[in-house]
Amino acid sequence: MPALPLDQLQVTHKDQKTGRLRTAPALHPGQKADRRFVLYKPPPKDNSPALVEEYLERATFVTTDLDWLLALPHDKFWCQVIFDETLQKCLDSYLRYAPRKFDEWVAPSPEVADMQRRLHRSVFLTFLRMSTHKESKDHFFSPSAFGEILYNNFLFDIPKILDLCVLFGKGNSLLLQKMIGNIFTQQPSYYDDLDNAMPTILQGFSHILQHCGLQGDGASATPQKLEEPGRLTPSHMPLLELKDIILYLCDTCTTLWAFLEIFPQACQTFQKHDFCCRLASFYETAVPELESAIRKRQLEDSRLLGDLWRRLSHSRKKLLDIFHIILYHICLLPILESGCNGVQGFVEEFLQVFSPLLQEKRFLRDYDALFPVADDVSLLQQASSSLDEMRAAYILQAVESSWEGVDRRKALQATAPP
Amino acid sequence: MALPRLTGALRSFSNVSKQDNYNEEVADLQVKRSKFYEQTVGLDLPWMKIVAFLNEKLEKNEMQSVNEDLKDILQAAKQIVGADSGSEAIESAAAFLFKTFHSKDCVGHQETKAIRQMFGPFPSSSASAACDATHRIASHFHPDSLTALVQTTKEESGDDRVLFGKNLVFSFDMHDLDHFDELPVNGEPQKTISLDY
């Protein structure tokens, strides 16, 4: 007899009180074990023995419990995942607080580093199992029920998916691509959620501009009132405030980039919100100001300033990479894949992405240094006989003029990765 | 303080994730310790089994001194779990101490950690007393026979389960800062000046 999907499976068990046999769905809160997972907390920054000991105790509980969970049979695993809130919070707390490699943190002791590695693996395996709807030929879900279970119980959500990409995307990209691809395929509502999250993501960039007194949107276009305290620019704000802004920018850029690298199918959703244009505009406004703010502070903590400069350089590169990933997947890849047939829409999209950016000289120059725009325009010319040559020429001209007064060779050296 | 993160902002300000309240989890470690203790008591080596084993394997004259050692272990366990605890809790703790020290001659870092994880803070003199008493008992036996006693309960508790993804190749590589521009000084990148002439 063919096996039934877990979501339709009924199990018979003996009632502890009455001793009678009862039939109930295999996925039932009664099947959950009382395990009580603890929250994850990151390793202490100062390596003090008491805090290290508390970290190790907590982390040992988490790894032991996750290993126990991973060893459970398919039905028991899913009952625990769906009905145990302490497990969901434990996993969420790891994604929230696990140190990223690019975070500023003190090198941990070997014991802490070893524990962190054990945890990292166990958490990944748990999410891997949670994103697999067919574990074996006898243990599986019906795809639609799987999508509903993931979504309705918040087992995955957009922040968690972004965290997974930044934490595991480098070393485990192939598996993660399959996991995230499967989640979005089985539950397309995640595309709606991503769409709903976009304003908050864009708001993050606006907040940085606001904090720096550089808000370009309508919100602060009002004149400053006389009694209002002066808006702080990056050059005048306290160093620690500048540090917070750059750390936030660094995290935002790396997280978005890691997500798009793993799941480029999200590019359309990003561009629905005119993401490329907003990104370029943000870059043009914020990057030179932040660079100048760091350069001017020569009398302050030089080690911190050096670190902030590295983070800002990294963020710049990631912003340009994000722009390129989106452009590549919404215009260039479809053109490359479809040859000369039906490319007009993608060619037009390319021109529309670039046309509003012609004044963003710093952005155009830095982007061109990494991803030569002339190469892309040449691709367009080869693919489309009806390319609007005038608009293409405007774009190339704007890129060329963005280099005026700049030593192209030096700039290329500075922008290229080591 | 938590680092500023994009996903933190998304959790707080967008409506795409569950709004979890973590405040109730403040004492989760204490609750977990007692939960862990309960679970371990159910699975672990029972005190009565240790006593029965010793009675079976040792001569009567040896048992007189061993009984004193067993009392010492129970006394140490009582000090560690608290005098108010019931006899069942004290015997479980004593069995745990016996298991922890059966192949040790002093209280090391690992043992301290294991006891602290099980019971929380404890008087170190009690651990030393339990360790010494267990060591005296163990001196009557070949090391393998006590290890075999402890091992049987491990097997009964089912430590040989198969973990999902056990053989999966996992990489610990993580995204790092990938661009290493030096902070320019007077418009030029800093150069390392060697003083080694």
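Residues numbered from 1 in each chain as written. Chains lettered and ligands numbered in written order. Predicted model: local features only at pLDDT ≥ 70, side-chain atom pairs only at ≥ 80, totals over all residues. Heavy atoms only, no water.

### Here we look at the overall build of chain A
Counting its regular elements, chain A contains 17 helices and two strands. Taken along the three principal axes of its C-alpha coordinates, chain A extends 85 × 60 × 45 Å. Of all 418 residues assigned to chain A, the portion counted as buried reaches 54%. Across chain A, the fraction of contacts at a sequence separation of at least 24, relative to all contacts at a separation of at least 6, is 75%. Counting only carbon and sulfur atoms, one obtains 54% of the accessible surface of chain A, whose full area is about 18600 Å². Each charge sign in chain A was given a centre, from 45 positive and 53 negative side chains, and these centres are 6 Å apart. (Helix = DSSP H or I, 4+ residues; strand = E, 2+ residues; numbered from the N terminus. Buried < 20%, exposed > 50% of the residue type's maximum accessible area, 1.4 Å probe, protein only. Contact = heavy atoms within 4.5 Å. Areas by Shrake-Rupley, 256 points an atom, 1.4 Å probe, with all protein chains shown as cover. Lys, Arg positive; Asp, Glu negative; His and termini not counted. Charge placed at Lys NZ, Arg CZ, Asp CG, Glu CD.)

### Structural notes on the overall build of chain B
Regarding its fold elements, chain B presents eight helices and two strands. For chain B, the sequential pattern of α-helices and β-strands runs α-α-α-α-α-α-α-α-β-β. Sequence separation of 24 or more characterises 66% of the internal contacts of chain B that already satisfy a separation of 6 or more. With an accessible surface of roughly 11700 Å², chain B has 52% of that area assigned to carbon and sulfur atoms.

### Digging into the packing of helix 13 (residues 344-354) of chain A against helix 16 (residues 389-402) of chain A
Residues and elements named next belong to chain A. Contact geometry of helix 13 with helix 16 gives a least axis separation of 10 Å together with a crossing angle of 40°. It follows that helix 13 is oblique to helix 16 by the angle criterion. Pair helix 13 / helix 16 crosses with left-handed handedness. Two secondary-structure elements touch here, helix 13 through Glu348, Leu351, Gln352 and Phe354 and helix 16 through Arg391, Ala392 and Ile395. When its residues are assigned to classes, the contact of helix 13 with helix 16 shows four nonpolar, one polar and two charged. (Axes fitted to C-alpha atoms, helices over the stretch in contact; angles between N-to-C directions. Parallel < 35°, antiparallel > 145°, perpendicular 65-115°, else oblique. Left-handed = near helix turned anticlockwise from the far one by under 90°. Nonpolar A, V, L, I, M, F, W, Y, C, P; charged D, E, K, R; others polar.)

### What about the interface of chain B and chain A?
Taken together, the 57 residues of chain B in the interface contact 90 residues of chain A. Of the roughly 7100 Å² buried at the junction of chain B and chain A (both faces included), carbon and sulfur atoms supply 60%. Where chain B packs against chain A, one counts 11 salt bridges. Taken together, the links from chain B to chain A amount to 21 residue pairs in polar contact (both at pLDDT 80 or more). Broken down by secondary-structure element, the contributors of at least two residues to the side of chain B that touches chain A are helix 1 (6-13), helix 2 (28-43) and helix 6 (109-119) of chain B. Looking at the side of chain B that touches chain A element by element, the count peaks at eight residues for helix 2 of chain B. (Buried area = accessible area lost by both parts, 1.4 Å probe. Salt bridge = Lys/Arg side-chain N within 4 Å of Asp/Glu carboxyl O. Polar contact = N/O pair within 3.5 Å; in protein donor to acceptor, adjacent residues only side chain to side chain.)

### A closer look at the side chain of Asp65 of chain A
Tracing the backbone shows Asp65 of chain A in helix 1 (residues 49-70). With residues near it in sequence (within four places) discarded, Asp65 of chain A still touches Arg35, Arg36 and Phe37 of chain A together with Lys32 of chain B.

### Observations concerning the pairing of strand 1 (residues 10-14) of chain A
Bridge count between strand 1 of chain A and strand 2 (residues 21-25) of chain A: five bridges; the pairing is antiparallel. Residue Val11 of chain A lies in a different strand from strand 2 of chain A, and its bridge partner there is Ala24 of chain A. (Pairing = 2+ DSSP bridges.)

### Some details on the pattern of salt bridges
Applying the stated criterion across every chain, the model contains 30 salt bridges over all chains. Put simply, Arg5 of chain B and Asp103 of chain A hold a salt bridge, and the shortest N to O gap is 2.7 Å. With Arg5 of chain B in the segment before helix 1 and Asp103 of chain A in the loop between helix 3 (85-97) and helix 4 (110-130), this residue pair bridges two chains. Residues Arg5 of chain B and Asp103 of chain A agree in their burial class; the two are buried.

### Concerning the packing of aromatic side chains
Within a pair of aromatic rings, the relevant descriptors are the distance that separates the centres and the angle that separates the planes. Residues and elements named next belong to chain A. Scanning all chains against the criterion turns up 30 aromatic pairs over all chains. Pairing Phe184 with Tyr190 gives two aromatic rings, centres 5.9 Å apart and planes at 55°, and the pair type is tilted. Given a relative accessible area of 0%, Tyr190 falls into the buried group. Ring pairing ties together the aromatic residues Tyr151, Phe184, Tyr190, Tyr191, Phe205, Phe259, Phe263, Phe270, Phe275 and Phe282, which thus form one cluster. Here Arg35 stacks its cationic end above the ring of Trp68, 4.4 Å away from the centre of that ring. The ring centre of Trp257 lies 3.7 Å from the NZ or CZ of Lys318, which sits over that ring. (Phe/Tyr/Trp six-rings, centres within 6.5 Å; stacked < 30°, edge-to-face > 60°. Lys NZ or Arg CZ within 6 Å of the ring centre and 35° of its normal.)

### Looking at helix 3 of chain A
Turn by turn, an α-helix covers 3.6 residues, leaving residues three or four places apart pointing in a common direction. With 13 residues, helix 3 of chain A should cover 18 Å at 1.5 Å per step; its first-to-last C-alpha distance of 18 Å lies within 8% of that length. Looking at helix 3 of chain A, one finds that the buried residues are Leu87, Gln88, Lys89, Cys90, Leu91, Asp92, Ser93, Tyr94 and Leu95 of chain A. In this fold, the buried residues of helix 3 of chain A make contact with helix 1, helix 2 (74-83), helix 4 and helix 6 (158-168) of chain A together with helix 1 of chain B. (Expected span 1.5 Å × (residues − 1).)

### Quick word on the nonpolar core
Across soluble globular proteins, nonpolar side chains show a tendency to be buried alongside one another. Of all hydrophobic cores here, the largest spans 149 residues; its most connected members are Trp78, Phe156, Phe259, Phe270, Phe275, Phe323 and Phe354 of chain A. It is helix 12 (residues 302-338) of chain A that contributes the most residues to this core, 16 residues altogether. Residues within four places of Phe156 of chain A in sequence aside, it is in contact with Phe127, Met130, Ser131, Leu150, Ile161, Leu164, Ile183 and Tyr190 of chain A. With 37 residues, the next largest nonpolar core counts Leu58, Ala76, Phe98 and Cys131 of chain B among its residues. (Core = buried A, V, L, I, M, F, W, Y, C linked by side-chain atoms within 4.5 Å.)

### A short note on helix 14 (residues 361-370) of chain A
Helix 14 of chain A sits mainly inside the fold: nine of its 10 residues count as buried. Restricting attention to buried positions, one finds in helix 14 of chain A the residues Arg362, Phe363, Leu364, Arg365, Asp366, Tyr367, Asp368, Ala369 and Leu370 of chain A.

### Digging into the packing of helix 12 of chain A against helix 14 of chain A
Residue and element names in this part refer to chain A. It is at 10 Å that the axes of helix 12 and helix 14 come closest, and there the two elements cross at 75°. It follows that helix 12 is roughly perpendicular to helix 14 by the angle criterion. Contacts from Arg316, Lys317, Leu320, Phe323, His324 and Leu327 of helix 12 reach helix 14 at Arg362, Phe363, Asp366, Tyr367 and Leu370. A breakdown of the residues in the contact of helix 12 with helix 14 according to their chemical character gives six nonpolar, one polar and four charged.

### Side note on the confidence of the model for chain B
In regions of low pLDDT, the predicted coordinates are not meant to be interpreted in detail. Residue and element names in this part refer to chain B. Of the residues in chain B, 80% have a pLDDT of 70 or more, and the chain-wide mean is 81. The least confident element of chain B, judged by mean pLDDT, is strand 2 (residues 188-189) at 52; the most confident is helix 1 at 94. With pTM at 0.83, the complex prediction returns an ipTM value of 0.90. (pLDDT = per-residue confidence, 0-100.)

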